[in-house]
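Descriptive structure summary
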Amino acid sequence: MLRPQLPLNALRAFEAAARHQNFTRAALELCVSQAALSHQIRGLEERLGAVLFHRLPRGVALTDEGARLYPVLNEAFDRIAVSLDRFVGGHFREVLGVGVVGTFATGWLLPRLKDFNARHPDIELRIQTHNNRIDLAGEGLDLAIRFGDGDWQGQVSTPVLEAPFAPVCAPALARGLRHPRDLAGVPLLRSYRSDEWPQWLDAAGAPELEARGPVFDSSLTLASAAAAGAGVALLPLKMFEQDLAEGRLVQPFAATLALGSYWLTRLRSRPESDAARRFREWLQTQDR
């Protein structure tokens, strides 16, 4: 059937009646009389040569043919509605799905989102946090911010922020730490990356110490445990600047260690959209 010949009013009447399972409620939704709605549906049935509803004493029920047609129309009308809802102030709002490692989201991105929204009011960001493990295609995301060396197969990676690591802890615990060797006997809170503490201890001049302590699945929980006095955590300082500035965490040693950076990534197989380009360019200006 050619598009100009689509019986749109009749299709709307059928979709509403099928959704409500009732002609009266469908007519109220569409602001027409029940007789007019029934006429539209009968016309559609005649055009298709199929009965779409069983007429019951109270309401209606879909026939097999109607049950096949309904989900197609329901999805189509929902997609049209979503597209129309994206027009705000005469402009189309483009949706951009971004997966963000939780530490970066809370420690760096969220305080700056007001600036992005002010500069790009036509882009609707949808933020989904993750723990540095993410499947862009599988989760339907356009971009991801993650921590590492930038080498992810099949992806284009753009550096966003360098983030050197250093030990941090509660102020009370920091008072007894003068040299990295003072960490002997102190719980060293660890992440799932088991090589971080050995690398820092070696660089700081205490390679003989063994990292022992509970393992956490995110830097956010590591920081909370450290602030509560559970031990010393090795964290990216830039993600916890507010905690350090307000004294919840203290950096007892000056030595830092570069373990990676934060990167913006997208699938190489997909072209960069205008919204993705503008988000990338905004990110690259923020640290400067």
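About the cut-offs
- Residues numbered from 1 in each chain as written.
- Predicted model: local features only at pLDDT ≥ 70, side-chain atom pairs only at ≥ 80, totals over all residues.
- Heavy atoms only, no water.
- Helix = DSSP H or I, 4+ residues; strand = E, 2+ residues; numbered from the N terminus.
- Buried < 20%, exposed > 50% of the residue type's maximum accessible area, 1.4 Å probe, protein only.
- Contact = heavy atoms within 4.5 Å.
- Areas by Shrake-Rupley, 256 points an atom, 1.4 Å probe, with all protein chains shown as cover.
- Lys, Arg positive; Asp, Glu negative; His and termini not counted.
- Charge placed at Lys NZ, Arg CZ, Asp CG, Glu CD.
- Pairing = 2+ DSSP bridges.
- Axes fitted to C-alpha atoms, helices over the stretch in contact; angles between N-to-C directions.
- Core = buried A, V, L, I, M, F, W, Y, C linked by side-chain atoms within 4.5 Å.
- Patch = residues over 30% accessible without salt bridge, like charges linked within 9 Å, V, L, I, M, F, W, Y side chains within 5 Å.
- Salt bridge = Lys/Arg side-chain N within 4 Å of Asp/Glu carboxyl O.
- UniProt positions renumbered as here; feature names shortened; annotations may be inferred.
- Polar contact = N/O pair within 3.5 Å; in protein donor to acceptor, adjacent residues only side chain to side chain.
- Parallel < 35°, antiparallel > 145°, perpendicular 65-115°, else oblique.
- Left-handed = near helix turned anticlockwise from the far one by under 90°.
- Nonpolar A, V, L, I, M, F, W, Y, C, P; charged D, E, K, R; others polar.

**Some details on the overall build of the protein chain**
Counting its secondary structure elements, the protein chain contains eleven helices and twelve strands. Residue burial in the protein chain is summarised as follows: out of 288 residues, 41% are buried. Of the contacts made within the protein chain by residues no fewer than 6 positions apart, 73% connect residues no fewer than 24 positions apart. Surface exposure of the protein chain reaches about 15900 Å², of which carbon and sulfur atoms provide 51%. Taking the 33 positively charged and 33 negatively charged side chains of the protein chain as two groups, their mean positions are separated by 4 Å.

**Regarding the pairing of strand β11 (residues 232-236)**
With five of its five residues buried, β11 lies for the most part within the structure. Where burial is concerned, the two faces of β11 agree: the one with Val 232, Leu 234 and Pro 236 and the one with Ala 233 and Leu 235 are both buried. Direction of pairing for strand β9 (residues 165-168) relative to β11: antiparallel, over a ladder of four bridges. For Phe 165, the partnering residue across the bridge sits in β11 and is Pro 236.

**As for the sheet that holds strand β5 (residues 94-101)**
In space, the five strands of this open sheet follow the order β6-β5-β7-β12-β8, with mixed pairing throughout. Two strands bound the open sheet, and with one partner strand each, they are β6 (123-130) and β8 (155-162). Looking at each pair of strands side by side, their axes are set apart by 25° on average, direction ignored. Inspection of the sheet shows β8 paired to strand β12 (residues 261-267) by seven bridges, in the antiparallel sense. Its bridge partner lying in β12, Ser 157 is registered against Thr 265. Lying over the sheet, helix α11 (residues 274-286) contacts β5, β6, β7 (143-148), β8 and β12, oriented at roughly 45° with respect to β5.

**Some thoughts on the nonpolar core**
Ranked by size, the top nonpolar core spans 56 residues in total, and within it Leu 96, Phe 104, Leu 183, Trp 197, Trp 200, Phe 279 and Leu 283 carry the most contacts. For this core, the leading source of residues is α11, giving five residues. Counting 19 residues, the second-largest nonpolar core is a separate cluster that includes Ala 13, Ala 17, Ala 18 and Ala 26.

**Observations regarding a nonpolar patch on the surface**
On the surface, a nonpolar cluster with roughly 320 Å² of combined accessible area is contributed by Ile 80, Leu 84 and Phe 87. As for its position among the elements, Leu 84 is in helix α4 (residues 64-85).

**A closer look at the sheet that holds strand β10 (residues 188-189)**
Across the sheet, three strands lie side by side as β9-β11-β10; this open sheet has mixed pairing. Looking at which strands have only one partner, the edges of the open sheet turn out to be β9 and β10. Sitting on the sheet, helix α9 (residues 219-227) is in contact with β9, β10 and β11, with an inclination near 140° to β11.

**Re the UniProt feature "domain: HTH lysR-type" (unreviewed entry) in the protein chain**
As annotated by UniProt and renumbered to match this structure, "domain: HTH lysR-type" (unreviewed entry) occupies residues 6-63. As a span, residues 6-63 carries 62% helix and 10% strand, and end to end its C-alpha atoms are 21 Å apart.

**Examining the side chain of Arg 266**
Take Arg 266: it is sitting in strand β12. One buried charged residue, Arg 266, remains without a salt bridge, the closest side chain of opposite sign being Glu 272 at 4.3 Å. A polar side-chain atom of Arg 266 sits 2.8 Å from the main-chain carbonyl oxygen of Arg 270. Setting aside residues no more than four positions away along its own chain, Arg 266 makes contact with Leu 136, Asp 142, Leu 143, Gly 154, Gln 155, Val 156, Pro 271 and Glu 272.

**A short note on unusual backbone geometry**
The phi angle at Gln 21 is positive, at roughly 55°, despite the residue not being glycine. A positive phi angle is found at Cys 31, which is not glycine, with a value near 60°. One can find Cys 31 in the loop between α2 (23-30) and α3 (34-48). Residue class for Cys 31 comes out exposed when judged on its relative accessible area of 70%.

**A closer look at the environment of Ile 134**
Position of Ile 134 among the secondary structure elements: in the loop between β6 and β7. Once the C-alpha coordinates of Ile 134 and Phe 104 are considered, the two residues, 30 residues apart in sequence, prove to be 14 Å apart. Excluding its chain neighbours within four sequence positions, the residues that come into contact with Ile 134 are Gly 99, Glu 139, Leu 141, Ala 144 and Arg 146.

**Examining the packing of helix α1 (residues 8-20) against α2**
The geometry of α1 relative to α2 is characterised by a closest axis approach of 8 Å and an angle of 130° between their N-to-C directions. Of the possible angle classes, the one that applies to α1 and α2 is oblique. Once α1 is placed against α2, the crossing between them reads as right-handed. In contact with Arg 12, Ala 13, Ala 16, Ala 17, Arg 19 and His 20 of α1, α2 contributes Phe 23, Arg 25, Ala 26, Glu 29 and Leu 30. Broken down by class, the residue content of the contact of α1 with α2 amounts to six nonpolar, one polar and four charged.

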